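The lines below spell out each chain.
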Amino acid sequence: MNEDVKKGLLGIVVDETEISKVMPEINSLTYRGYAAQDLCVACRFEEVAYLILNKDLPNSIQLKKFEKEERDNRELTKNLYEIIKHLPKKSHPMDLARTAVSVMGLEDKETSNSSPEANLRKAIRIFSKTPTALAAFYRIRKGQKLIKPNNNLSFSENFFYMCFGKVPQKEIVKAFDVSLILYAEHSFNVSTFTARTITSSLSDIHGAITGAIASLKGPLHGGANEEVMRMMKKIKKPENALKWIKNAIAKKQVVMGFGHRVYKSGDSRVPTMREYFGKVAKIKKNKSYEKIYDIIEKTMIKEKNIYPNVDFPTGPTYHLMGFDTDFFTPIFVISRIIGWSAHIMEQHAANKLIRPLAKYKGNKYRQVMDLNQR
Ligand code: ACO
């Protein structure tokens, strides 16, 4: 390949951002300068969502106002509930999420207003409504009765409530909250770059998030957390793990939940999520997946020097929480909407149309022959 071609934009800096950074000196991903693992200890997800969108952590009055706005916007229109009811039950919930956000764009009174104020309002509406749409589909496809959002519950509690009809113990809710904090933002990853590219033509936030969801679905990005669980289910029990992973390595298989374009010696989000995976496993009295996890991790590092990314611990954690496997990436969506929205607003604030070049390697110039001469 020609050296001028930077396939996959490898190593290319395409813009500036104030939102997040991987800081190797503190071995952390930082949001607006705060280490993600510190935020996991000190904050609830709503505080981190506010931070990413508004550039600073909220005080108690600001948090209350933000939470009220999030809770007040959770309900869907009758039209959107009807659409969800009529979608094929076998649809992947990522496709449901994509469709739901697209419909929200059709219904939103401010769709064509991309001012910073309107974009922030719309971002919060998408953030509030998407979990409701997903939970509605979660139940509808199982033939269960729909559960409407409960405004007395936090963002995470409400998601459990809408999916399962009850809120689990606070340690489980905390583990879920931590996963959302760790998933909320990660600079110019493929889905965020997709959102920024769509925005760069001055398109609207609903369109940009719809595109970002489609991008996140792929197994090389967010879809990896589902693939991790499918792999663990295939392995079945810890006694099979070593043989399985050695065979995968010998066959040069891509092992899901490992490797990262930016982190080459370990994803800084993993230790925190691994800790909460352990807590959930203890509560659920199921250590089997932890054992499989440890064997695969150890072998991948020893034999390939490739480390797990955050999708490796989140997959089995969500499974132990009781979520269907195909809902893992949609959970990633309900968190990453925050990061995407911040980037969409940042792109709007200093926009330049994103339009790279390609090195042409097709046919040389050809003359068009008449139909009867071809
Ligand atoms: N399993 C086995 N080998 C791997 C893995 C893996 N998971 N990841 C990287 N490698 C190997 C590659 O085969 C390649 O080897 P080679 O040089 O001998 O050809 C080398 O490591 C470099 O890998 P690339 O794929 O070139 O690295 P890139 O930065 O392009 O890809 C990616 C990163 C796509 C994440 C890759 O590591 C991968 O496919 N991982 C599995 C999917 C996954 O877990 N995705 C989630 C990413 S994190 C997130 O989205 C939240």
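Numbers given to residues run from 1 along each chain, matching the order in which its sequence is written. Residues qualify for local features only when their pLDDT is at least 70, as the model is predicted, and side-chain atom pairs are given and counted only at 80 or more; totals for whole chains, interfaces and linings, by contrast, use all residues. Just so you know, side-chain values use all the structure's heavy atoms and leave hydrogens and water out.

Novice: Just checking my understanding: could you explain the overall build of the chain for this structure?
Specialist: Along the chain, the regular secondary structure elements total 16 helices and three strands. Taken against the 2.2 N^0.38 rule, which gives 21 Å for 374 residues, the C-alpha radius of gyration of the chain at 22 Å falls within 12% of a compact globule. Structurally, the chain occupies a C-alpha span of about 70 × 55 × 50 Å along its principal axes. Evaluated residue by residue, the chain yields a buried proportion of 51% over its 374 residues. Residue contacts follow a heavy-atom distance rule, with two residues in contact if any of their heavy atoms lie within 4.5 Å. For the chain, the proportion of contacts with a sequence separation of at least 24, taken over those separated by at least 6, is 74%. Only carbon and sulfur atoms are counted for the fraction: they give 54% of the accessible area of the chain, which is about 18900 Å². Numbered from the N terminus, helices here are DSSP runs of H or I no shorter than four residues, and strands are runs of E no shorter than two. Here the globule rule is a power law, 2.2 Å times the number of residues to the power 0.38, and the radius of gyration is based on C-alpha atoms. Whether a residue is buried, partly exposed or exposed follows from its accessible area with a 1.4 Å probe, protein chains only, as a fraction of its type maximum: under 20%, in between, or over 50%, in that order. The Shrake-Rupley method, run with a 1.4 Å probe, gives the accessible areas here. Residue values count only the displayed protein chains as cover.

Novice: Hey, could you run me through the packing of helix H2 (residues 45-54) against helix H16 (residues 328-349) in this one?
Specialist: In a packed pair of helices, the relevant descriptors are the angle between the two axes and the axis-to-axis distance. Here, axes are lines fitted to C-alpha atoms. For helices the fit covers the stretch in contact, and angles between N-to-C directions go from 0 to 180 degrees. Following both chains from N to C, one finds H2 and H16 inclined at 15°, their axes separated by 9 Å at the closest point. In this view, H2 runs roughly parallel relative to H16, as classed from their interaxial angle. As H2 packs across H16, the resulting crossing turns out to be right-handed. For the pair formed by H2 and H16, the contact residues are Phe45, Ala49, Ile52 and Leu53 on the first element and Ile334, Ser335, Ile338, Gly339, Ser341, Ala342 and Met345 on the second. In terms of residue class, the contact of H2 with H16 is built from eight nonpolar, three polar and no charged. Angle categories: roughly parallel below 35 degrees, roughly antiparallel above 145, roughly perpendicular from 65 to 115, and oblique for all the rest. Crossing handedness follows the turn of the near helix against the far one: under a right angle anticlockwise gives a left-handed crossing, and clockwise gives a right-handed one. As a working rule, the residues Ala, Val, Leu, Ile, Met, Phe, Trp, Tyr, Cys and Pro are called nonpolar, Asp, Glu, Lys and Arg charged, and the rest polar, with Gly in that last group.

Novice: Hey, could you run me through a nonpolar patch on the surface in this one?
Specialist: On the surface, Leu9, Ile12 and Val14 cluster together to form a nonpolar patch covering roughly 220 Å² of accessible area. When you line up the elements, Leu9 lands in the segment before strand E1 (20-23). Candidates for patches are residues over 30% relative accessible area with no salt bridge; among them, like charges are joined within 9 Å and nonpolar side chains (Val, Leu, Ile, Met, Phe, Trp, Tyr) within 5 Å. By definition, a salt bridge exists where a carboxyl oxygen of Asp or Glu is found within 4 Å of a side-chain nitrogen of Lys or Arg.

Novice: Even after reading the chapter, I still don't get the pairing of E1, so can you show me in this structure?
Specialist: Regular strands have side chains that alternate between both faces of the sheet. We call two strands paired when DSSP finds no fewer than two bridges between them. With four bridges joining them, E1 and strand E2 (residues 28-31) adopt antiparallel strand pairing. Directly across from Ser20, in E2, lies its bridge partner Tyr31. The antiparallel hairpin formed by E1 and E2 contains four residues in its connecting segment, where Asn27 sits at a positive phi of about 45°.

Novice: What should I look at first to understand the nonpolar core in this one?
Specialist: Most often, soluble globular proteins keep nonpolar side chains buried together rather than apart. Among the buried residues, those of types Ala, Val, Leu, Ile, Met, Phe, Trp, Tyr and Cys that are joined through side-chain atoms within 4.5 Å form a nonpolar core. Counting 102 residues, the largest nonpolar core has Tyr31, Phe159, Phe176, Ile296 and Phe323 as the members making the most contacts within it. Segmentation into domains, and thus their bounds, comes from an automatic or database assignment. Each of domain 1 (17-222 + 327-349) and domain 2 (224-321) gives at least three residues to this core. If near-sequence neighbours (up to four positions away) are discounted, Ile296 is found in contact with Met231, Ile235, Ile245, Val255, Phe258 and Phe312.

Novice: Even after reading the chapter, I still don't get the domain arrangement of the chain, so can you show me in this structure?
Specialist: When the parts of a complex come together, some accessible area is lost, and that lost area is often used as the size of the interface. Per the domain assignment, the segments of the chain are domain 1 (17-222 + 327-349) and domain 2 (224-321). For domain 1 and domain 2, the distance between their C-alpha centroids amounts to 25 Å. Counting from both sides, the interface comprises 31 residues of domain 1 and, opposite them, 24 residues of domain 2. What gets called buried area is simply the loss in accessible area from a 1.4 Å probe that two parts show on being joined, summed for both. For domain 1, the biggest contributors to the area lost against domain 2 are Leu182, Tyr183 and Phe328; these three give 29% of the whole.

Novice: Can you help me understand the site of the ligand in this one?
Specialist: With respect to spatial proximity, 21 residues lie near the ligand, and among them Val255, Gly257, Phe258, Arg261 and Asn309 are the closest. Measuring from a nitrogen atom of the ligand, one finds a backbone N or O atom of Leu220 at 3.0 Å. Within the backbone of Val255, a nitrogen or oxygen atom sits 2.7 Å from a nitrogen atom of the ligand. In isolation the ligand has 920 Å² of accessible area, and contact with the protein removes 64% of it. A per-class count over the shell around the ligand returns 10 nonpolar, seven polar and four charged. Any residue with a heavy atom lying within 4 Å of a molecule or strand is counted as near it. Here a polar contact means two N or O atoms within 3.5 Å. Within protein one must be a hydrogen donor candidate and the other an acceptor candidate, and residues neighboring in sequence count only if both atoms are side-chain atoms.

Novice: Can you walk me through the packing of helix H13 (residues 270-283) against helix H14 (residues 288-304) in this structure?
Specialist: Packing of H13 against H14 leaves a shortest axis separation of 9 Å and a crossing angle of 150°. Judged on the interaxial angle alone, H14 and H13 are roughly antiparallel. Residues Val270, Arg274, Phe277, Gly278 and Ala281 of H13 touch H14, and the partners they reach there are Tyr289, Glu290, Tyr293 and Asp294.

Novice: For this particular structure, what's the right way to read the packing of aromatic side chains?
Specialist: The relative placement of two aromatic rings is captured by the distance of their centres and the angle of their planes. Aromatic pairs are defined between Phe, Tyr and Trp rings, using the six-membered ring for Trp, whenever the two ring centres lie within 6.5 Å; interplanar angles under 30 degrees are classed as stacked, those over 60 as edge-to-face, and all others as tilted. For the structure shown, the criterion picks out 23 aromatic pairs. Judged by centre distance (6.4 Å) and plane angle (80°), the ring pair of Tyr138 and Phe323 falls under edge-to-face. Of the two residues, Tyr138 sits in helix H6 (residues 116-140) while Phe323 sits in the loop between helix H15 (311-321) and H16, which places them 185 residues apart along the sequence. In this pair, the class of Tyr138 matches that of Phe323, namely buried. One aromatic cluster in this structure is built from Tyr138, Phe159, Phe160, Phe164, Phe176, Tyr318, Phe323, Phe327 and Phe328. Positioned over the ring face of Tyr276 is Lys279, at 4.6 Å from the centre of the ring. Charge over a ring is defined by NZ of Lys or CZ of Arg lying within 6 Å of the ring centre and within 35 degrees of the ring normal.

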